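Commentary on secondary and tertiary structure
Below are the chains, spelled out letter by letter.
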Amino acid sequence: MIRSQGFYIEGQSWLYRLDPRVRLWYAGAVIAVCIISARIGLLAGALLLSHLVLAAGRVRLRAVITAWKALLPLVAVILLLQPLFVPQGEIVLEIGSLHITAKGLETGVLYALRMAASAFGLLVPLATCPASRLVRAFEQLGLPYRLGLVIGLALQYLGQLGSMYTSILEAQQARGLRLEGRNLMQRARAFIPTVVALVIAALRLSDNLALGLAARGFGVTGRKRTTLVQLVMRATDWLAAVGITLALAGAVLLSLPR
Amino acid sequence: MPQSGPFVEICNLSYRYPSLRTGSVSTHALRDVSLSIEPGECVAVTGPNGCGLTTLCLATSGLIPHLSEGVLEGTIRVAGHNVQSEPPGALAGLMGLVMQDPLGQLFNTSVEEEVAWGLGNLGVPRDEMEERVGWALRVTGLQDVPRTQPPHALSGGQQKRLALAAALALQPRLLILDKPAGGLTPRGHAEMVAVLRNLRHDGGLAILLAENDSRLIAEMADRVFVLDAGQVVSQGSPRAVYTQTPDLAERGLSLPPAAAFTKEVNTHSDLNLSAFTDAEVLAQTGSYALKPEGVGAPQSPAGLGTGSVEVAVTVRQLRFAYPQGAPVLQGIDLAIPSGQLATLMGDNGAGKTTLARHLIGLLRPQSGEILLFGRTVSGRSIGELAREVGFAFQNPELQIFSPTVREEIAFGPRNLDMSEAQVDQYVQDALDSFALTDLADLPPAGLTFSTRRLVALASIAAMHTPLIVLDEPTVGLDETGRQQVLTWMRKRHAEGATILLITHDTEFAAACAERVIVMQHGRIIVDGAPLQVFADQATLQKAGLVPPFALRFADGQGRPTHALTPEAAAHEWLELRQ
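Here is what the cut-offs are and how they apply
- Residues numbered from 1 in each chain as written.
- Chains lettered and ligands numbered in written order.
- Predicted model: local features only at pLDDT ≥ 70, side-chain atom pairs only at ≥ 80, totals over all residues.
- Heavy atoms only, no water.
- Helix = DSSP H or I, 4+ residues; strand = E, 2+ residues; numbered from the N terminus.
- Buried < 20%, exposed > 50% of the residue type's maximum accessible area, 1.4 Å probe, protein only.
- Contact = heavy atoms within 4.5 Å.
- Buried area = accessible area lost by both parts, 1.4 Å probe.
- Salt bridge = Lys/Arg side-chain N within 4 Å of Asp/Glu carboxyl O.
- Polar contact = N/O pair within 3.5 Å; in protein donor to acceptor, adjacent residues only side chain to side chain.
- 1 Å grid on protein atoms, 1.4 Å probe; cavity = no way out; pocket = protein on both sides within 12 Å on 5 of 7 lines; lining within 4 Å.
- Points joined across faces, edges and corners; volume = space filled by probe spheres on them.
- Pairing = 2+ DSSP bridges.
- Axes fitted to C-alpha atoms, helices over the stretch in contact; angles between N-to-C directions.
- Core = buried A, V, L, I, M, F, W, Y, C linked by side-chain atoms within 4.5 Å.

The next point concerns the overall build of chain A. What chain A contains, in helices and strands, is ten helices and two strands. Along chain A, from the amino end to the carboxyl end, the secondary structure elements read α-α-α-α-β-β-α-α-α-α-α-α. Each principal axis of the C-alpha atoms in chain A carries an extent, and together these give about 65 × 60 × 35 Å. For chain A, the residues scored as buried account for 47% of the 258 residues in total. For chain A, restricting intrachain contacts to residue pairs at least 6 apart in sequence, the fraction spanning at least 24 positions comes to 74%.

Okay, here's the thing in structure tokens:
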């Protein structure tokens, strides 16, 4: 059976009870810091903060491990390649004609931290908020419903495609497809039956989804959309939002050139 | 808009999908279909795979041709609205559609939001929305499911009922159901029938029911239209259509079990019964006295004991639980002798699929042991186990990827390193078994749901493994498809293959199984010969199953039976009649 809710992991804590808009605001603030700031310490602090928030919010460790598993190859590529593109500064390592400089290494660490901190900032709302609540939050923040729904469905079905991929891979293996004990090229080729079947299944799913949405009146004009869930900011939500705003202001000040 | 004429009026409806091949014109999916439905009436459309049932549902709901290319002719009017002139979804408050595959319809993250989503599109105020969500969940029997539960965490039957609740919450006057019975357990089937009956009688709901299951049609429909190649070839009351259409089997249709009994009795005697339902069969046969000696108690057929026969599957004390989940398998002990055709039955969530997934190595025992033909599965890869086990998944059509049907079927045997001559022979055998030879050079992805299912089953058949595990292979198939699966299973069984069939369909199991194993809550609660197991009505009921017709009939007459199928029950009753 295909079972996935995208990035969302069920749980109960103060973080799950926080208004989804505040959690989105947190992600936005972290990403803003990552864009504005070039201070490694600040970015490392933002990355650490997201881990602390996730831990204090009792988000299952599985979410963090899965995110790191997905991120690590990208982080490794950035750390390895970025120094090669920055030849300026003091050379710390020479490999043939390649010069690795201190500035290059620093830039690699900076970019890797930017990416990781942004991703974990985003994980806070994604892991703790069902896609439909995020759509509601976007809508109440003034985003057109269609756009919010597209974002919500994309988040949810990304996870579902992952589950579908696993199901199809299992089905192909059950038909004798072998992935183990081959060279890299053969292994890559062995994934073709799974990837092609996944694309076909995804296209069919999107067709069915379009029918399912239309059959229940999506896109009907002339009526104002209503919702079962109305998000209401409580005092604690405002407090958290103010705290995030102050932290963002502090981070911006720290990031200004001296 | 003022309404004159029938509530639903479909006139000379024809439709052609865009062609799969450039430059050619596709054949008609529907041709000159005309039918009408009145409020409170249930009209069923049925026919062989690919006859146009889904197309008719989508056209009636106004989704095609708006959301698909293709050419539509004729008119569809619902409550005076010309459906084709309205944008898709504009009549969502008037018509509700429940599609065959719930996956595309359940896209919200909680049960209550799923039901409320369509109401939001129609601008229903929040207070009324709350009421309607509660009502829809109540009438579909989902009131006890936590409202915050994600739809994907529900069982298959509950998902179908949730899709129904989401459609009913819109309070439509016409409900369009595309094969709602597929994959439902007998318990789920009975619950759905009860819900729909109430809505029809109390709320005047009109229903267009596209279905291959003759039992559901017999229980629900006032009139039936039989389609073949997109055309109406027969119509009338279910009783008239099923008892008077001479070429029913050729049209991919089966008689409801009670009607099959009646037909067999009338064919082999000078009686002229007219019974169409279980109750009518009991009433009409009740006036005949039976020989006092009866048939005697059922005996266990040979071959159930393992004796010295080679054991194909040995499961010892198998336990399994998903992470953060309740135990799914709680100490399974099972031995299936080589060459046996066994069925595994039980309610949704009983653990049947989880047990089967262990046999091909997709899940590994957390404790306990599994042996296939005397060798442990531990340490052997899925690809290696595939040489011994052919496993057809619940959604086998998902695995399709090849450019042609022939290539798709050849994928498995080629992976098993068979010679090309052997591959060709097994592929041709599989094409013949499932009547796919004419489609061999077509792309399988463009075929209908049921044909893709047959292609996927044929791809397992071509692997020619000594052990075959089939997980709900007949869901979505018409009678012709069911018979093809049955014939192929019997052929492989006669050749000595061991078959483990997972099904909810007791009639199908009764027609082929040598042994029935029933699971509940991760345990085997009864295991034996079909006659013994199906006679244990209390245990079956606990597991959400109903006995096949033949045993219900004998039970109704208060006597033992040796019969498992309606036809065998007819012969037995004729022999017993004084």
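Taken together, the contact between chain A and chain B spans 57 residues of the former and 67 residues of the latter. When the two sides are added together, the surface that chain A and chain B hide from each other amounts to roughly 5300 Å², 58% of it contributed by carbon and sulfur. When the area that chain A buries against chain B is broken down by residue, the three leading residues are A:Arg175, A:Arg216 and A:Leu228, summing to 20%. At the boundary of chain A with chain B, the tally comes to five salt bridges. As a salt-bridge pair, B:Glu114 and A:Arg216 come within 3.0 Å of each other at their nearest N and O atoms. Run the count over chain A and chain B and you get 22 residue pairs in polar contact (both at pLDDT 80 or more). If you list the elements that add at least two residues to the side of chain A that touches chain B, you get α6 (131-140), α7 (145-174) and α9 (192-215) of chain A. Ranked by residue count, the leading element in the side of chain A that touches chain B is α9(A), at 15 residues.

A few words now on empty space enclosed by the protein. Under the defined criterion, the tally for this structure stands at five cavities of 30 Å³ or more. Contributing to the lining of the largest cavity are 23 residues, with A:Ser132, A:Arg225, B:Asn108, B:Glu113 and B:Trp117 lying nearest its centre. Those elements giving two or more residues to the lining of the largest cavity turn out to be α6 and α7 of chain A together with α2 (111-121) of chain B. For the lining of the largest cavity, the element with the highest residue contribution is α6(A), accounting for six residues.

A few words on the environment of B:Asp432. All names here are of chain B. Mapped onto the elements of the fold, Asp-432 is located in helix α13 (residues 420-433). For Asp-432, a relative accessible area of 46% puts it in the partly exposed group. In this structure the C-alpha to C-alpha distance between Asp-432 and Trp-488, which are 56 residues apart in sequence, comes to 9.9 Å.

This next bit is on the pairing of strand β16 (residues 389-392) of chain B. Residues and elements named next belong to chain B. Here β16 shows a buried face lined by Val-389 and Phe-391 and a second buried face lined by Gly-390 and Ala-392. Sheet topology places β16 next to strand β17 (residues 467-471); four bridges connect them, and they run parallel. Note that in β17 the partner of Val-389 across the bridge is Leu-467.

Following the criterion strictly, the structure yields 34 salt bridges over all chains and no others. Residue A:Arg178 is joined to B:Asp417 by a salt bridge in which the shortest nitrogen-to-oxygen separation is 3.4 Å. Linking A:Arg178 in the loop between α7 and α8 (184-190) with B:Asp417 in the loop between α12 (405-415) and α13, this pair reaches from one chain into another.

Residue and element names in this part refer to chain B. Strand order across the open sheet formed by four strands is β12-β11-β14-β15, with antiparallel pairing between neighbours. Lying at the two open borders of the sheet, with one neighbouring strand each, are β12 (327-337) and β15 (375-376). Where strand β14 (residues 367-372) meets β15, two bridges bridge the pair, whose relative direction is antiparallel. When the bridges of β15 are listed, Leu-371 appears paired with Thr-376. Sitting on the sheet, helix α10 (residues 352-359) touches β11 (311-321), β12 and β14, and the angle it makes with β11 is about 120 degrees.

All names here are of chain B. Judged by nonpolar contacts, the single largest core of 62 residues is most densely connected at Leu-164, Leu-175, Ile-207 and Leu-209. Counting residues per element, this core draws most heavily on helix α4 (residues 156-168), which supplies six residues. Residues within four places of Leu-175 in sequence aside, it is in contact with Gly-96, Val-98, Leu-164, Ala-167, Leu-168, Leu-196, Leu-205, Ala-206, Ile-207 and Leu-208.

Interpretation in functional terms is not warranted from these geometric data alone.
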